[in-house]
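Chain by chain, the residues:
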Amino acid sequence: MEDLWPVRTMGLRHRGVTSVSTVMSTHASTPSPDKTPKRFKPHQLVITIGIFMAIFTVTSGIIPLITKWHDKSEITRETFSGIPGPLQIAFYTVVPALILWGAFAFADRVRNWERGGPDRRRTTPKNARRRLADFRAGVYMRTLLRDSAAGLMHSMIYFGFLVLLGVTTVLEVDHQLPPKLKFLHGRTYMGYAFVGDLAGTVFVGGLLFAIARRYIQRPYRIRIKTKPEHALILGTFLTIGISGFLAEGVRIAQQDQPGFEKWSFIGYPVSNLFTGHSAHTLDIWHQASWGLHVLAFITFLAILPVTMLRHMFTSPLNMYLKDRDRPKGAMKAMPNLTETSLETFGASVVEDFTWKQLLDTDACTMCGRCTSVCPAHATGKPLDPREIVLKTGEVMAATAAAHVSPPIGMDGEIKISSNSLFERITAEEIWACTSCKACDEICPVNIEILDKILDMRRYLSLMESNFPAELGNAYRAMENQGNPWGMAQGERGDWAKGLDVTVVDPGEPFEAEYLYWVGCAGSFDDKNKKVTQSMAKLLKRAGISVAILGPSEMCTGDSARRSGNEYLFQMLAMPNIEMLDGMGVKKIITQCPHCFNTLKNEYPQLGGNYELVHHTQLLESLIESGKLDVSEATLEERITYHDSCYLGRHNDVYLAPRKVVGSIKGIEVVEMTRNGTKGMCCGAGGARMWMEETIGTKVNDERAVEAISTGASRVATACPFCFIMLDDGVKAAGMEEDQVKVADIAIHLLDAIENGERIRAEGLAAAPLNVPVAGE
């Protein structure tokens, strides 16, 4: 890494922050007294709820001791039957105390989140329905069930535990009621007993599944992060389940196995193990098994706020807060950097993140799904998305005002001395990211990992000039030539020579239906010029009026922004917006998903609002409306489509490209193993297009091998970067174009149309001429 970016455009440090120590001292200094009225803070709410629950628990234990109400029905069970009074008092003393302690421990965690900056996540009438839908998707296990095995296992533990908690609560409610209001008797009790044993069976079955998965099957993403606390948690839960059945069996044996207890289909068979023992022996067994059950529950309450079990509360909260005030594909907005009084940019210390980003670290379940889909990690790079979350949490915990445990147990030799994120996270990890968003997409609890990486990139780029050397070349090219390819702007429209394409001047009124934003790759890269030319021919066939800016078009700034250089992004974006608004442009076609995402989702942050359509979406619309005639489009080949990350995961466009390909006659469409939301990146996103890949396997090489393995003779792309990367990868695998042709969808579609027309023409030429014979 080298400091290559010129101070003239890059050295924002010189505008007010003179060193890293200055940045750190800014955050570490004592804040000025808060003159605003004090508000009720979230951590205070947690303490209030804990106090209420503790009081309620104590009260629920005192009332029955005073009233001594009992259910006289023959088909019921006596709460605390055979349990001595001192043990009951101990139960109603220790449990409330632990609930209260847990509330204060959770409050310390919430106070830690409050260190973060603001993040608008308010619930409003406009977003309330979406928030509830996100919450339901999580608590109903829909997000976890994307991985069927892990989802089923977790669902068994989760729903089993919730029902058991409900069963215990129902028993406690019945315990408080006077005889006339008690309801746990007769058939109600038998149904209650059946539900309780069913929930316990599901719960214990889920735990055995989890133990086998973690310690026997040991998938990679779980194996690399298994800690002693996992054994503690699973052991505690298993003890709760088994001791519960044991206590139930002994209780039924004490009652001489009444017939109605057969509804306890686990407890009743267990009771057979204790038949024939004396009453005294059964009392000892019952008290011991009950005591073990309670001790396991107390252990659960004790470890709940200090281990990853806390995600029982933090994960649903995080899912509820998923909805935000910016599009899925947009980075966080920043003020105009030429006017702002901010002294530091991006994230270098814990306090630079928002409170929601800090909540993320405590919501993490350590499942490793993000790790399993990260293309950088899969190809041997230093990045592991889960580690970004956990390391942030470690720094946050180590520098908290009150003692707070890290997200998961840390190795003893790791020492953290300050609130700097870079004590645990390296620049190499941050720059390995392709910004493909696979980690965010697969996370079952909606943790926003990519935002953290991009915020740290902003700091490294803007404050430290700490970026790969070759990225500096792209920065200079974007600043000086208006494109990262370093080509002369005057050559932008050269691809259109010989084609009927209108080049408009920014000073002229814009009269075409669409502005065709070609993008840098479509203008300068030889492979992608063919895409642009094919698209222009298809639009002409469909009778669509378009115009291009030619030399007036500049880079949208995607690579600058995704690499953290907000200053350069704004330097490129603002003139573009001024030009487009001055021309009155409303509708824009683009073939580059990176341009599409930036113009659609990020230019509005700077005042530029346009109707964007990706070229695959337009082609789909033209085909469906009949404006583009594909009735003769034919290719007798097998084709596979590679999902672009910025078209797919960033903008949820998956079907349009597939429908376009599917409109071709004779084509056999096959999917790669990783497709759709789980599609693998080509390796060029996040400005990685302009950086060398020297560690591990190249991402594009791995993806190309996957494409070749489908047996397809054609690979379709919908992004210029994907086109370049996959074509290079296919060739690196030893395949030539006549074996596997990689090309944009527009090229494949035009090939099919022209092939169909050629077949028809050859058919007409070969057909016999019906010349009338003289005299007929």
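Residues numbered from 1 in each chain as written. Predicted model: local features only at pLDDT ≥ 70, side-chain atom pairs only at ≥ 80, totals over all residues. Heavy atoms only, no water.

**Student:** Even after reading the chapter, I still don't get the overall build of the chain, so can you show me in this structure?
**Tutor:** What the chain contains, in helices and strands, is 30 helices and nine strands. By its C-alpha atoms, the chain is 115 × 90 × 50 Å across when sized along the principal axes. A total of 776 residues make up the chain; the buried ones form 55% of that total. When the accessible surface of the chain is summed, it comes to about 33900 Å², and 59% of that surface belongs to carbon and sulfur atoms. (Helix = DSSP H or I, 4+ residues; strand = E, 2+ residues; numbered from the N terminus. Buried < 20%, exposed > 50% of the residue type's maximum accessible area, 1.4 Å probe, protein only. Areas by Shrake-Rupley, 256 points an atom, 1.4 Å probe, with all protein chains shown as cover.)

**Student:** I'm lost on the sheet that holds strand E5 (residues 611-614) in this one. Help?
**Tutor:** Strand pairing in a sheet is mediated by backbone hydrogen bonds. Such pairs are either parallel or antiparallel. Spatial ordering of the open sheet is given by E1-E3-E2-E4-E5, a layout of five strands whose pairing is parallel. Each having just a single partner strand, strand E1 (502-503) and E5 make up the two edges of the open sheet. The sheet contact formed by strand E2 (residues 514-517) and strand E4 (residues 587-590) spans three bridges and is parallel. From the neighbouring strand, Leu515 faces E4, where its bridge partner is Ile588. (Pairing = 2+ DSSP bridges.)

**Student:** What am I meant to see in the nonpolar core here?
**Tutor:** Taken as a class, soluble globular proteins show a tendency for nonpolar side chains to be buried jointly. If you look at the biggest cluster of nonpolar residues, it comprises 175 residues, and the most contacted ones within it are Phe237, Ile588, Leu628 and Leu749. Among the nonpolar cores identified, the runner-up in size contains seven residues, and Val167, Leu171, Leu184 and Tyr192 belong to it. (Core = buried A, V, L, I, M, F, W, Y, C linked by side-chain atoms within 4.5 Å.)

**Student:** Any chance you could explain the packing of aromatic side chains here in plain terms?
**Tutor:** Each aromatic ring pair is characterised by the separation of its centres together with the angle its planes make. The final tally for this structure, using the stated rule, is 25 aromatic pairs. Ring geometry for Tyr158 against Phe159: centres 4.9 Å apart, planes inclined by 70°, an arrangement best described as edge-to-face. For Tyr158, a relative accessible area of 23% corresponds to the partly exposed category. Here the aromatic rings of Trp690 and Phe721 are separated by 6.0 Å at their centres, their planes lie at 90°, and the arrangement is edge-to-face. Of this pair, Trp690 sits in the loop between strand E7 (668-670) and helix H28 (699-708) while Phe721 sits in helix H29 (residues 720-732); the two residues are 31 residues apart in sequence, bridging distant segments of the chain. Here the two residues Trp690 and Phe721 agree in accessibility, since each one is buried. Sitting above the plane of the Tyr320 ring, Arg131 keeps its charged end 5.8 Å from the centroid. Its end group placed over the ring of Tyr514, Lys587 keeps NZ or CZ at 5.7 Å from the ring centre. (Phe/Tyr/Trp six-rings, centres within 6.5 Å; stacked < 30°, edge-to-face > 60°. Lys NZ or Arg CZ within 6 Å of the ring centre and 35° of its normal.)

**Student:** I would appreciate a short explanation of the layout of surface pockets in the present structure.
**Tutor:** The method is simple in principle: a probe with the dimensions of a water molecule rolls over the atoms, and the space it marks as empty is what remains. One number sums up the size of the second largest pocket: a volume of about 560 Å³. Lining the second largest pocket are 25 residues; nearest its centre among them are Ala333, Met334, Leu342, Gly346 and Asp352. Elements represented by at least two residues in the lining of the second largest pocket include exactly helix H2 (20-28) and helix H19 (449-463). (1 Å grid on protein atoms, 1.4 Å probe; cavity = no way out; pocket = protein on both sides within 12 Å on 5 of 7 lines; lining within 4 Å. Points joined across faces, edges and corners; volume = space filled by probe spheres on them.)

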